[in-house]
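# Chains, contacts and geometry: an overview
Each chain is listed here by its residues.
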Amino acid sequence: MSSKKEILIGLKKLGIFFVILLGLFGLLYLNNIGAWFRTQNYKPPYLSFIGDPQTSIGISFETPQACNATIYYGLSSSNLNMSQTENQVRTLHFFNLTNLLPDTTYYYLINATEATYAFMNKVEQFHTAPAFGSKSLFRFAVLGDTRPDIFGFSKHSEILQLIKARNPRFVLNVGDIVMGPTRDDHWDRFFNEIHVLTKNVPYMVSMGNHEHHEWGGEHDAGQTYLKYMNYPGIEWYYSFNYSNVCFISMNIEDEDILTQTQLDWLNQTLFKANNSPEINWIILYFHVPPYSATENHPEIIEKVVQPYFIPYRVDLVFAGHHHHYERLEVDGIPYIITGGGGAELEVYLGETQWTQCAANTYQFCDVVVNGTQLSVTCIDYNNLVIDQLNLTAWRNV
Ligand SMILES: [Fe+2]
């Protein structure tokens, strides 16, 4: 009798277990199936640097219905006396406003004849970069690994609110912004989430593995990333100067991209920046770090890419991929892993011999450049400071 009761209890527990398991798979299924219905190919405007940040700004967006859009812009919200109009109807819209004045606030408004969307007919603003070599104070934010997980959960929006409150001039994302490169719903979600910032400030992404080849073997070799991003040069990897800082984004996700051509470009860009009197700082950002408290970093970055940093004494390197915060110092160069931007956290396995600080938390980096002084502050999900690095420039001072 007793053994029958035990069997019944055991079967009941097994039943509950399977119901829970079924529920979890159901959520996963609904999230993915639901994505088909949620996908609208709707991406409100996102600003980026395409050319010189002093004199130009990129404004891109995607509309479900093809239309012929116009951007009106000017120095006053009540006098948008300049305009740029597309020469044909389209769904993907890329504008590059040029011949702008440095360090100046511009106002803009988008409209179209064939369709109207929520972001249209509203006056927004952006501010151009200070003159090249300027020593005036500015701030930017760096975050990474903001993608939703398999159930669609991410803390990205909450982190963005903390970033917005600090009023950065632009944002850098070190990659992994979607679960898989062909998840249209995740691309829509990403651009709709960042709109709170990117209608006013550029947001520059360095491609992560999930934009290249993740999620059940999906592999489009970064073509969707290329489709939406509007960055300088060839867009796989790019560089821009802002005030007295040279920013370099590398692409290390595929050996077809991490070619000698990219390494030669890196070498030339570093050489040029290091020999420009206006440049005090060189900051690199890319997805997978050469070092971290987790073990799975590819040796190619440490052995092939990192040796280029040393002769030029690169000032700061940002990466992500691992979902935690970590600051390391190797060969005198600070490396910051800022992978707590929204995706599920990873517990790091233990600190390395180079680790200066590490934390398992959602976070972003708030960077203030004040001429020859630079500070990186790691802010966590509760808006608390968990680490700070202060640097003094040595280049061209
Ligand atoms: Fe990654």
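Bear in mind that the values here come from a model prediction, so they are computed numbers and not experimental data. (Residues numbered from 1 in each chain as written. Predicted model: local features only at pLDDT ≥ 70, side-chain atom pairs only at ≥ 80, totals over all residues.)

### Quick word on the environment of Leu391
Here Leu391 shows up in strand 20 (residues 385-392). Between the C-alpha atoms of Leu391 and Tyr362, which are 29 residues apart in sequence, the distance is 24 Å. Residues contacting Leu391, with those up to four places away along its chain left out, are Asp315 and Leu374. (Helix = DSSP H or I, 4+ residues; strand = E, 2+ residues; numbered from the N terminus. Contact = placed C-beta atoms within 7 Å.)

### What about the domain arrangement of the chain?
Domain assignment breaks the chain into domain 1 (55-127) and domain 2 (138-392). For domain 1 versus domain 2, the separation of C-alpha centres amounts to 28 Å. Taken together, the contact pairs 7 residues of domain 1 with 5 residues of domain 2. Residue assignment for the side of domain 1 that touches domain 2 shows that the elements contributing at least two residues are strand 2 (57-67) and strand 7 (124-127). Ranked by residue count, the leading element in the side of domain 1 that touches domain 2 is strand 7, at 4 residues. Split by residue class, the side of domain 1 that touches domain 2 holds 2 nonpolar, 4 polar and 1 charged. (Domains from an automatic or database assignment. Nonpolar A, V, L, I, M, F, W, Y, C, P; charged D, E, K, R; others polar.)

### Focus: the sheet that holds strand 6 (residues 105-112)
One open sheet holds the 4 strands; their spatial order is 4-3-6-7, and the pairing between them is antiparallel. On the outer flanks of this sheet lie strand 4 (82-85) and strand 7, each paired with one strand and no other. The average undirected angle you get between the axes of adjacent strands in this sheet is 25°. Looking at chain direction, strand 3 (residues 69-74) and strand 4 are connected through 4 bridges and run antiparallel. Within strand 4, the residue paired with Tyr73 across the bridge is Met82. (Pairing = 2+ DSSP bridges. Axes fitted to C-alpha atoms, helices over the stretch in contact; angles between N-to-C directions.)

### Here we look at helix 5 (residues 260-274)
End to end, helix 5 covers 21 Å across 15 residues, agreeing with the expected 21 Å (1.5 Å per residue, within 8%). Every buried residue of helix 5 is listed here: Leu266, Thr269, Leu270 and Ala273. Within helix 5, the buried residues cover an arc of 100° as seen down the axis, which keeps them to one side. Facing away from the buried side of helix 5 by more than 90 degrees, the exposed set consists of Gln260, Thr261, Asp264, Gln268 and Phe271. For helix 5, the secondary structure elements touched by its buried residues are strand 11 (238-242), strand 12 (245-249) and strand 13 (281-285). (Expected span 1.5 Å × (residues − 1). Buried ≥ 20, exposed ≤ 12 C-beta atoms within 10 Å, placed from the backbone. Arc of directions from axis to C-beta.)

### A short note on the sheet that holds strand 2
Taken together, the 3 strands give an open sheet; going across it, the order is 1-2-5, and neighbouring strands pair in antiparallel fashion. What marks the edges here is a single partner per strand, and that holds for strand 1 (43-48) and strand 5 (90-97). For this sheet, the mean inter-axis angle between neighbouring strands, taken without regard to orientation, is 20°. Of the pairings in the sheet, the one linking strand 1 to strand 2 comprises 4 bridges and is antiparallel in character. Counted as the bridge partner of Leu47 is Ile59 from strand 2.

### So, the environment of Asn68
Mapping Asn68 onto the fold places it in the loop between strand 2 and strand 3. C-alpha separation for the pair Asn68 and Ala115, spaced 47 residues apart in sequence, amounts to 8.6 Å. If we skip the residues at most four places from it in the chain, Asn68 touches Glu86, Gln88, Val89, Ala112, Thr113 and Glu114.

### Concerning the nonpolar core
Core analysis: the biggest nonpolar cluster contains 92 residues, and Val142, Val171, Tyr203 and Phe318 have the highest contact counts within it. No fewer than three residues from each of domain 1 (55-127) and domain 2 (138-392) sit in this core. (Core = buried A, V, L, I, M, F, W, Y, C linked by C-beta atoms within 7 Å.)

### Regarding the pairing of strand 16 (residues 333-338)
Consecutive side chains of a regular strand alternate in pointing toward one face of the sheet and then the other. As paired strands, strand 14 (residues 316-319) and strand 16 are joined by 3 bridges and run parallel to one another. Each residue of the ladder has a partner; that of Ala319, found in strand 16, is Ile337. Taken together, the 6 bridges between strand 15 (residues 325-330) and strand 16 define a ladder with antiparallel strand orientation. Across the sheet, residue Glu326 finds its bridge partner in strand 16, namely Ile337. Hairpin geometry of strand 15 and strand 16 is characterised by an intervening segment of 2 residues between the two adjacent antiparallel strands and by a positive phi of about 50° at Asp331.

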